[in-house]
Amino acid sequence: TGTKKTSKNPKTVDSNEGDETAQAPASPLELERWREWMELIEEHTADFENLGPTEIQPKLAEIFSEDREPPSDTVRARRWILVARVMDMLRDGLVTGKLATTVTSNLLAELGRLPREMIGQLGRKLVESLEDGCNHDGIIFMFLPKISSIMAPLDSICVDGLCCPGHILKTQLISNICDSKWPSALVCNLVTNLRDVQFSESELSTVIDKFLQIVEEVQIEELPSIVYQLLLFSTKGQQDKLLKGIIDHFNKLDREAKDNSQGAQHMQRLRHIEGTVILHIDLAIKRDQTLGNMFLRLLKSAQYKLTPFSIALLLLMARGNFQSAQITQIYDFIKNAVQTSHDSVSHQILWLEGVSEQEELLNANAEDSSLSALFDTVEHSKYGWENITPSLLHLGAVLMDVSVPKGGDLQASKKTVSSGSTVLLRTFHHHEVMRKSILDIILSRVITLHANAIFYINLLQKIISECSHELLDLTPKIKELIEYLPAIDSSLSIPIMSAVHPILFMNSSFKEHVILVLRKSIFASELQSRLTAVSGFLFILQNLPKDNDDLGREILGFLRRCFSQQYEIRKELYSSLTRVFEANVSLRETIVELLLAQFEKHTVEDKDEAPLSLNLCIDGKPADDGPSKPLSAIKFLEPFPQLFAALSKCLVTYEKSKSKSAKDDESEDEENCFVNLKTALLNFAKRMSRSEPEEFELDKSSTYDMSAPQGYYNQHAAVILLGTYESLIEYLILDTTVPGRMKLISLIFDIKLHLRNEIKESFKTAAGTAGGKKSTKKKKKKGGDGGSEEENEASEIESADGDTGKSKRGAKASSKGTTKQLKELQQASLLSLPSLFQLLRFVCKHDDDDEDALALKQKTSFIQWVLEIVSAHLREFNTGKQTADIEGKLAKFRSNFCLQASKLLFREFLLYYKIDKMAKKDGKAVPLLALEALEQAVIYISSTCHVKRVAKFLVSSIETRVDDEENAPLLPGEDEDEDMGGDGSPGFLVHSKLFQLERVLWNVMSSDHNVWLYSNILVNILSSFHTFVPVTFLEKHVAFLERVCTNSVVQNLPFIKSVVALYFKFSDRQGSLKMYNKLARDIHIELGDNMNPDEFGSRTPRYRVVNDKSVSNVLSLLMVHLNAHIDEIIGVWDQAHKPLRGKRSQRKDPTTNQQQVDELKKLKPLQKAVYDRTKQFNIILAELLASVVPGSHVTNLTRVVMKVYKFLTLTYQDLTYIHSVSRLLPSKHFEELIKHAAQELSMHVYSLLSSMGGSGTKIAIQKQMKTIPMLVFEIEKFEGATIKFSKATGQDLYNMFKRSTARDFRIQLENLSQVVDTSSKEKTEKPKAAATKRKRVKKEDEGPAKKRKKGEEEDQ
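Description of the structure in this document.

Scoring rules and cut-offs
- Residues numbered from 1 in each chain as written.
- Predicted model: local features only at pLDDT ≥ 70, side-chain atom pairs only at ≥ 80, totals over all residues.
- Heavy atoms only, no water.
- Axes fitted to C-alpha atoms, helices over the stretch in contact; angles between N-to-C directions.
- Helix = DSSP H or I, 4+ residues; strand = E, 2+ residues; numbered from the N terminus.
- Left-handed = near helix turned anticlockwise from the far one by under 90°.
- Contact = heavy atoms within 4.5 Å.
- Nonpolar A, V, L, I, M, F, W, Y, C, P; charged D, E, K, R; others polar.
- Buried < 20%, exposed > 50% of the residue type's maximum accessible area, 1.4 Å probe, protein only.
- Lys, Arg positive; Asp, Glu negative; His and termini not counted.
- Salt bridge = Lys/Arg side-chain N within 4 Å of Asp/Glu carboxyl O.
- Patch = residues over 30% accessible without salt bridge, like charges linked within 9 Å, V, L, I, M, F, W, Y side chains within 5 Å.
- Areas by Shrake-Rupley, 256 points an atom, 1.4 Å probe, with all protein chains shown as cover.
- Charge placed at Lys NZ, Arg CZ, Asp CG, Glu CD.
- Arc of directions from axis to C-beta.
- Expected span 1.5 Å × (residues − 1).
- Phe/Tyr/Trp six-rings, centres within 6.5 Å; stacked < 30°, edge-to-face > 60°.
- Core = buried A, V, L, I, M, F, W, Y, C linked by side-chain atoms within 4.5 Å.

Topic: the packing of helix α24 (residues 493-504) against helix α25 (residues 508-522)
In step 1: At a minimum axis separation of 10 Å, α24 and α25 run at an interaxial angle of 140°. As for the relative orientation of α24 and α25, their crossing is left-handed in sense. Contact with α24, carried on its side by Met497, Val500, Ile503 and Leu504, involves Phe510, Lys511, Val514 and Leu518 of α25 and no other residues of that element.
In step 2: Here the residues of the contact of α24 with α25 are counted per class, giving seven nonpolar, no polar and one charged.

Next up, the structure:
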């Protein structure tokens, strides 16, 4: 309409409007009318050629006021000429500013009075105003809404001799405007005026496409104002398309800025512009919340990923734009995305090897993860994104509040908490105004004892260590935390003190405040406050800087009071003073004097009495002839074992430092102090080695029943004595200067063992007595004379059925309680890790010349005790409570202990596993205990260390050349001269050491003294390290496991499960399904064929681990791994085709372009790999379906088969869309997959359904009733999808199917009657069994042995 080009195309129609009326030549009458108008215009045009800007207003008033009603043709022509002239002047920039606005407003009011024949010419003026060279401010586009509203309702408009409906002319006008190039200066004016235009759906889509094109073309400085106008325009419709285009453009700008490594100045400018745009979008969402809901749906859709821009927009939306429930959804959505980012697939899938798009499709690049986007958002917030910082704080707290479970995926939860900590820490660095708020969050979580309080304390420590000077202004907030310290759990006091330590001595007022709070807490009545005060003071002493001796002595003066306080406080005091002794040399003498004075209070100098006064260590001893005291009156007073351990550690530390330093450095008083200490400890050790438990009133007749006061007191006494014996052994093993220390250790251990055995026997006696009393009471109740004959008979039946069993269960329950108490007494070891390592090294050292040492090593019980304690400590590393380890010192210390102990443990196992050094009645074998301890060390190292540390651990620990192991037999198929190869990398070292472990495993299995527990633990150790073996070295380990499964005759089910599970793990890392195929074949042979039982004859499985006892367990493991494999296949396919599904849901009519076809062709290699993998998988399933599957496994098998058919149906949907867009057909590999599924897999499914009937237990049959109809339904869906796909693509795939009539909905009468007979038989057998028991009870009550014998014969 506005250009010659459009006027030459009279056949243009708007198909979306459903109007088929096109432009057509005008009728003779209309053509004559048109010529008259043109003549009038030519006649009067000269009157307005010289019209100037200042003459426009008077001329308008003159023209539109003359001959008002009805206007003549001449007047109307003059009006048209004037309007056209004014529009030309606006286009050329001759009329601008306030005059242009006034003139335009006046003309808009009169526009409807122009001849309708000339409306199309006005549209041409608007299009011409967008041509190059035009110099105007865009006011001319104020005519656009009015012109389009006049055009749309007209039935016919003639332009240049052609006529068409008004709405088509309007569509063409909008199309021509959108086809033109918009100068950037006019974009905002155009968008503003387009907001007042009424659009059809097609017109709106055209306009929005133009908007998004403009966004791509303009400079980034112009984007904020344009985006703001576009958001105002979004109320017209298609908001999701417009918003997605804007966000996609900024994501693209962000990627380009990263890829091109543009300068910092450009990046900052981009961030400021993004921040402004985010604010504009937020304002638009506040005006129209449907826009926000649409944005949320867009992000939650499968085809969209989180980016810094979208996260910032979400966080800004969360600041009150929605209701609280919707705000919670926003934070939960980001939290779930972060958690998913931790769990995302980051490893290479080997069966996709050769597919170049693998990394991109599986999101292996960390830069694309939601976690990386979140961290980038925090960094970008420095440049104009300050409005999102309050929401960033809330998000960081949400992530840190994620619960860390005791079991389950512990590492994943910790990673999420760590992500939240990183967000808060970086925000603290970048935004000064937010620092107080972050400290408020930390304070609230710690004060309320949040479950993750320790992680918030870790965050505080990082903040203080990195920003200590910046925190000086925020000291009042830290002081507030210290004020709450007495009310906080004592386990958190040390982490808090450690966190604030960097500023403790930087600010004197803060230091005085801390000391004042702790001093008040010492005098508090609550035990918790006192423990906190003691922990805090001891931490200050331990980290006291130099030249602060006066402060240290002052604090020790405060702590003197604690020596007379509760047992728990003294226990904490003694254990911590040793660390202060090591750290602070100037306070050593004072510490020893305090501890030695306490020691002398509780020991007895009289040699005729016991060396330790238990009455001073335990309160509430029951009197022999007095009234019994309540159990609550019996309690610990003095933790003497911890006191002695503290003194011995101080002495050992002093002697070590003395040997390293000069003698002149110490005073005479200090030397005398430690001489007296050594004399006191040695005398006490000698006296305790000669004192039997009887001297402490503990003998064989002593009871340890916790329900009796005497037994309760004896338990307390036993705890004190056993702990003291351990502390004595620790002292003697650490102090190498003690003469005859090995003999003393032997004597003390014998006494400890004697006491432990007495306690054990006492518990056994008590358990047996409890069970016997319970049985006697029941017999007395049954012997009563009252009651009817039927009641007596029922009582006899009840007695016969459960009397013996219940008495045993009563004894067993009682035994459980006493066994638990016994374990607490036996395993509550006080040995420290250094002393424990020295004991372990002494036990494992076999070249000692000392006779006393050799005699001690001959005691198997001593070796067992040491190994049990080592194993218990290592187990505590893996299963113990979460401990505060702010600087990572504890983890490093534990790692070093595992490293040093493992070599000794493995050597001990290799030396003794053939000897089996134990008697069965004496407990576990020494090699078994060593191997169990080694397993715990392996679990800790493999779960906490990286590959370099693991390699160092294995190189240090696994040394197989011990005695006859040097000449150990080769593995089957192993070459004597075989070179391991490798480059000395950590991965290769792990591989080589695991290969040596496998050799040890083979030798253990091949020996005459094979204990399957050994083999099982060795397999578990191999399993812990399998992830550290590089893929290039997997082949040898897979070959070894195959030899084990093939050549070993194994009947031990736990070992079979362990070795087969490890075989699966190595095979899965290889990416091969060959092992699965072989195993499925063996299971088929062992279970038999469901259609032809004689098919395999006398054939035996290839793998000997598959036998009649283990086949069920192996099948269960196989089903678990098959389920994981089909999930992996589906996941790969979904991630590759996710973008296609998004496009499929957005567009009804797919369009084809070459770029899209090229993108779809890139999927071909990946699709081929998936087809081949699925076919291999289906072959394995067919093998299992053909076997006689036990009823308990049918449900799991059918669920996996259902997933296969669902996946095949899904592939049809995706491939149908691909064909509709690009006309690409599936490859031959897909046809082969469908053929196998249609013929082989389905055939075996139907054979399983036909042969199964009602097999299995009642519960299994009930599960089958649910799953099997669902399976049949999925098969029919798959067949229906095949038909639809064949019609859509022209490929006849359905001719491959062999439809079966077997369906689970048929009632099989034979199987049904068999099940009914079985259940009725079970019901009749129960009364018979009860009657038999009743007869047996009556015969036993008759008394004589003959009658009892006769009853037994009747039972038989």
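Structure shown, so let's carry the discussion forward.
Description of the side chain of Glu935
In step 1: The topology assignment puts Glu935 in helix α40 (residues 926-944).
In step 2: Although buried, Glu935 forms no salt bridge, and the nearest oppositely charged side chain, Arg875, lies 7.6 Å from it.
In step 3: Excluding residues within four positions of it along the chain, Glu935 makes contact with Ile1017, Asn1020 and Ile1021.

Section: the pattern of salt bridges
A pair can form between side chains of opposite charge whenever their charged atoms are brought close.
In step 1: A complete count under the given rule lists 27 salt bridges for this structure.
In step 2: Note that Lys1203 and Asp1127 form a salt bridge whose closest N and O atoms lie 3.0 Å from each other. With Lys1203 in helix α50 (residues 1191-1222) and Asp1127 in helix α47 (residues 1111-1146), the pair connects residues that are 76 residues apart, well separated along the chain.
In step 3: Through salt bridges with shared partners, a single ionic network connects Lys436, Asp440, Lys477 and Glu480.

Remarks on a negative patch on the surface
In step 1: Together, Asp847, Asp849, Asp850, Glu851 and Asp852 make up a region of like negative charge exposed at the surface.
In step 2: Structurally, Asp850 is set in the loop between α36 (833-844) and α37 (851-857).

A closer look at helix α23 (residues 475-483)
In step 1: Listed in full, the buried residues belonging to α23 are Thr475, Lys477, Ile478, Leu481 and Ile482. Considered in projection along α23, the buried side chains sweep an arc of 160° and stay on one side of the axis.
In step 2: Looking at the buried residues of α23, the elements they touch are α21 (435-447), α22 (453-466), α24 and α25.

Description of α22
In step 1: A rise of 1.5 Å per residue sets the reference length of α22, with its 14 residues, at 20 Å; its end C-alpha atoms lie 20 Å apart and thus fit the reference within 8%.
In step 2: Most of α22 is tucked away: ten of the 14 residues are buried.
In step 3: All buried positions along α22 are accounted for by Ala453, Ile454, Phe455, Tyr456, Ile457, Leu459, Leu460, Gln461, Ile463 and Ile464.

As for the packing of aromatic side chains
In step 1: Inspection of the entire model under this criterion finds 37 aromatic pairs.
In step 2: With a centroid separation of 5.9 Å and 25° between ring planes, the pair formed by Tyr1212 and Phe1278 is classed as stacked. With Tyr1212 in helix α50 and Phe1278 in helix α52 (residues 1258-1289), this residue pair connects regions lying 66 residues apart in the sequence. Each member of the pair Tyr1212 and Phe1278 is classed as buried.

Some remarks on the environment of Arg1199
In step 1: Considering the arrangement of structural elements, one finds Arg1199 in helix α50.
In step 2: The sequence separation of Arg1199 and Ile1268 amounts to 69 residues, and the corresponding C-alpha distance is 8.8 Å.

What to know about the nonpolar core
In step 1: Core analysis: the biggest nonpolar cluster contains 277 residues, and Leu559, Leu595, Phe862, Leu905 and Phe909 have the highest contact counts within it.
In step 2: At 15 residues, α50 tops the list of elements feeding residues into this core.
In step 3: Beyond its immediate sequence surroundings of up to four residues, Leu905 is in contact with Leu840, Leu867, Val870, Leu874, Ala930, Ala933 and Leu934.
In step 4: Formed by 108 residues, the second largest nonpolar core is a distinct cluster that contains Leu223, Leu243, Ile281 and Val423.

Regarding the environment of Phe199
In step 1: Within the element layout of this structure, Phe199 appears in the loop between α9 (187-194) and α10 (201-217).
In step 2: Look at Phe199 and you get buried, because its relative accessible area is 19%.
In step 3: Taking the C-alpha atoms as reference points, Phe199 and Thr171, separated by 28 residues in sequence, lie 8.7 Å from one another.
In step 4: Once residues within four sequence positions are removed from consideration, Phe199 is found in contact with Lys170, Ile174, Leu194, Leu204, Val207, Phe233 and Lys236.

Here we look at unusual backbone geometry
In step 1: In this structure, Leu449 takes a positive phi of about 55° despite not being glycine.
In step 2: Tracing the sequence through the fold places Leu449 in the loop between α21 and α22.
In step 3: In this model, Glu697 sits at a positive phi of 65°, which is unusual for a non-glycine residue.

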